Amino acid sequence: MATRKTAGNKPIDERCINTIRCLAMDAIQQANSGHPGAPMGLAPAGYVLWTKVMKHNPKNPQWFNRDRFVLSGGHASMLLYSLLHLTGYELSLKDIQQFRQLGSKTPGHPEYGHTPGVETTTGPLGQGFANAVGMAMAERHMAARFNRKGATIVDHFTYVMCGDGDLMEGLSYESASLAGHLGLGKLICLYDDNDISIEGHTDITFTENVAARFKACNWHVVPVKDGSSVDQILDALKAAQAETEKPSLIILKTHIAHGSPNKQDSADAHGAPLGKEEIVLTKRNLGFPEDVVCHITEDALKVFRKCMEKGEKAQGKWRAIVDRYAEKFPDLAAQWTAAITHRLPKGWDKNLSGFLPSDKPMATRSASGKVLNKLAEAIPAIIGGSADLAPSNNTFLACSGEFQKGTYDQRNIRFGVREHAMASIMAGMYLHGGLRPYGGTFLIFSDYMRPAIRVASLMKLPLIYVFTHDSVAVGEDGPTHQPVEQLASLRAMPGLTVIRPADATETVDAWKVAVTNTAGPVALALSRQNLPVLDAAITAGKLAKGAYVLEECSGRPDIILISTGAEVHVTLEAAKLLAQKNIAARVVSMPSWELFEKTDATYRESVLIPGVPCFAVEAGSPMGWERYTKDSHAILGIDRFGTSAPGGTVLKEYGFTPENIVKKVTAVLGK
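Residues numbered from 1 in each chain as written. Predicted model: local features only at pLDDT ≥ 70, side-chain atom pairs only at ≥ 80, totals over all residues. Heavy atoms only, no water.

Labelled according to an unreviewed UniProt entry, the chain appears under the name Transketolase, originating from Desulfosudis oleivorans. One UniProt comment on the chain, placed under Subunit (unreviewed entry), says "Homodimer." According to its UniProt record, the chain has this under Sequence similarities (unreviewed entry): "Belongs to the transketolase family." (UniProt positions renumbered as here; feature names shortened; annotations may be inferred.)

Below, the structure written as structure tokens:
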């Protein structure tokens, strides 16, 4: 049977820790759903961190210079909810008792923007860890940009709690590797080393030397033999804070469901309530009243609620520093305010390049690079990079150097071949505040990023994904590198805006939409091949509505040809051939379904005339285009993988020629 008290812990500390344990197991039991094991095992670490170490203000969860806390193992959400309630955040005991119920502030996994004090949405393992790396990178960048001698306005730690499952995910290794390379000394991870996963003891799958792995990644590793000892945890946190050149991993040897006589150290406690009888035995073992649900003693609550007073004092001192900073460095202070409020500078778009039909054909990836560089000159908050593809993605900022250890003030991030980490880190950087991250790779490799894009969409984060090499026109690299189903897959994701511009001018407008958007992430799908520049007198400013009439026919059209990206140009040629057959075709450029669907019905019907058949042309999966064509035969798409050959040859082989479009359109019209 588990012992009632941890040797060396003061009675009041033990009572506070057990309060967390009992709140967690009671709320989970009431919901008849949840994960009690990790909250009970991590209760001592949570208590020490939140009450004795972490800088936070429960009365103002958005205080900029607070320490960030990420619970990467989001299934342990009742640990976080217990700490939020006990330390004085706007989360009531009633909210705790509504755990996992419809409309409550305490959903099954923590959700950003839903519960005060939750820094990021977690649940998919490993992503919270990578979010924390992004937060730590943002802190270093903002500190390097804005701190001045005697006026430190950015100075905080990022703490992340993770478990065995987080470290089994490849994402944790990707992001830990980058964090170690960058020397993120203000990043501290508390690893819940309890040897248990859902299927049983971790020795069935996870027997590596975690400490050695992190040391190899240039992390400072601090072992804690007893993860329930307040003194050992506190000493470890102090040692981690003292290490300024490396991120720190604190390995906490803990017991899942600590205090449960029959389920401690058992996989049974991972993802199911302990059961009423076991809770009675556990409370008896912990010295808590057996018949009281969510019991909180006054002396314990008093300890937790000291965080409110400490937080207010800490924020007050910081506010005084910021006031002095504003007096001494008014220009910097103005930039600081603009950054943390996400305010675009005046005239941010005045220097964006104009493109003309007389210009040489240009790949939209190249146009994107030109636009991005102009935007970065005007908007200091823009920061980002590529997953080792910057020369191909055109994502390097000429106005800045590289974000590296010792040059944290620079804005070009070398993410390395780490797509999943890149996307998760971008989210963490935005969540930290003050920055507008972007990240680039080939469209095909968006598959590696998809879990992070999904969670960013759920959180409504206005991140910018730069996806180049957007179709089978990639050519010789073949089917492994030629996206087919990716556009349809991304369009299926709620909250994500996908934009596939047809030329350089539409690319300018695509970036304008991306930069001004505040409602969720934007994915730009850009061509590798050169494309003619359309007449800006027709195209400029139209993309914001998602679709527009690019070329009109005389009279009422017989058919409306809808296309996106590079295929717009071949569709224009097809319209000319149709005219020779006395078939009147309107050509509609539709770079973004999502933007088009946000317009009113009157506008949509002015573009896609009710009663006039539509035919869609896009070098990707035809899935979804039926919403506009109403006929699965009225789509020229790709329903098989690509092939290795020059890009133009592949497009011709797959039927993306004016002649084939005409053939298919006449068949649809029965002519």
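Right, picking up where we left off after that structure.
**Side note on the domain arrangement of the chain**
Interface extent is often summarised as the accessible area lost during association of the parts. Here the chain is partitioned into domain 1 (15–310), domain 2 (364–536) and domain 3 (546–669). With centres defined by C-alpha atoms, the gap from domain 1 to domain 3 works out at 52 Å. (Domains from an automatic or database assignment.)

**Considering the UniProt feature "binding site: Mg(2+)" (unreviewed entry) in the chain**
Summarizing the sequence annotation, UniProt attributes the feature "binding site: Mg(2+)" (unreviewed entry) to D164, N194 and I196 in the numbering used throughout. Spatially, the listed residues are clustered: although they cover 33 residues, their C-alpha atoms lie within 7.7 Å of one another. Tracing the sequence through the fold places D164 in helix α6 (residues 164–168). With near-sequence residues (within four places) excluded, D164 lies in contact with Y191, D192, D193, N194, D195, I196, T202 and F206. With respect to the secondary-structure elements, N194 resides in the loop between β3 (187–193) and β4 (196–197). (Helix = DSSP H or I, 4+ residues; strand = E, 2+ residues; numbered from the N terminus. Contact = heavy atoms within 4.5 Å.)

**Brief notes about the sheet that holds strand β8 (residues 382–386)**
Read across the open sheet, the seven strands follow the order β9-β10-β8-β11-β12-β14-β13; overall the sheet is parallel. The two strands at the open ends of the sheet, each matched to only one other strand, are β9 (402–403) and β13 (497–499). The sheet contact formed by strand β11 (residues 436–442) and strand β12 (residues 464–468) spans five bridges and is parallel. Directly across from F442, in β12, lies its bridge partner T468. Along the sheet face, helix α15 (residues 419–432) touches β8, β10 (412–414), β11 and β12 and points at about 170° away from the line of β11. Where helix α18 (residues 504–516) meets the sheet, its contacts fall on β11, β12, β13 and β14 (522–525), and the angle it forms with β12 comes to roughly 155°. (Pairing = 2+ DSSP bridges. Axes fitted to C-alpha atoms, helices over the stretch in contact; angles between N-to-C directions.)

**Observations regarding the sheet that holds strand β6 (residues 220–224)**
Within a sheet, adjacent strands bond to each other through the backbone by hydrogen bonds, running parallel or antiparallel. Read from one edge to the other, the open sheet built from five strands follows the order β1-β2-β3-β7-β6, with strand pairing classed as parallel. Two strands close off the open sheet at either side, each with one partner strand: β1 (68–71) and β6. Averaged over all neighbouring strand pairs, the angle between strand axes comes to 20°, with direction disregarded. Inspection of the sheet shows β6 paired to strand β7 (residues 248–253) by five bridges, in the parallel sense. Paired with V224 across the bridge in β7 is L252. Relative to the sheet, helix α9 (residues 230–242) contacts β2 (158–163), β3, β6 and β7, its axis offset from that of β6 by approximately 175°.

**Quick look at empty space enclosed by the protein**
For the structure shown, the criterion picks out three cavities of 30 Å³ or more. For the largest cavity, the calculated volume is near 90 Å³. What lines the largest cavity is simply W50, M54, H56, N57, N60, P61, R66, D67, F69, Y89, G117 and E119. In terms of residue class, the lining of the largest cavity is built from five nonpolar, four polar and three charged. (1 Å grid on protein atoms, 1.4 Å probe; cavity = no way out; pocket = protein on both sides within 12 Å on 5 of 7 lines; lining within 4 Å. Points joined across faces, edges and corners; volume = space filled by probe spheres on them. Nonpolar A, V, L, I, M, F, W, Y, C, P; charged D, E, K, R; others polar.)

**Points about the pattern of salt bridges**
For the coordinates displayed, the defined rule picks out 22 salt bridges. Linking R586 and E552 is a salt bridge whose minimum nitrogen-to-oxygen distance equals 2.6 Å. With R586 in strand β17 (residues 585–589) and E552 in the loop between β15 (548–551) and β16 (559–563), this residue pair connects regions lying 34 residues apart in the sequence. Each of D470, R491, R500, E567 and E618 takes part in a single network of salt bridges with overlapping partners. (Salt bridge = Lys/Arg side-chain N within 4 Å of Asp/Glu carboxyl O.)

**Here we look at the pairing of β11**
Put simply, side chains in a regular strand alternate between the two faces of the sheet. Of all the seven residues making up β11, seven are buried; the element is thus mostly covered by neighbouring parts of the structure. Bridge analysis of β8 against β11 gives five bridges, and the strand direction is parallel. Of the residues in β11, the one forming a bridge with I382 is R436. Taken together, β11, helix α16 (residues 446–459) and β12 form a β-α-β motif whose crossover is right-handed. (Buried < 20%, exposed > 50% of the residue type's maximum accessible area, 1.4 Å probe, protein only. Right-handed = clockwise from strand over helix to strand, strands pointing away.)

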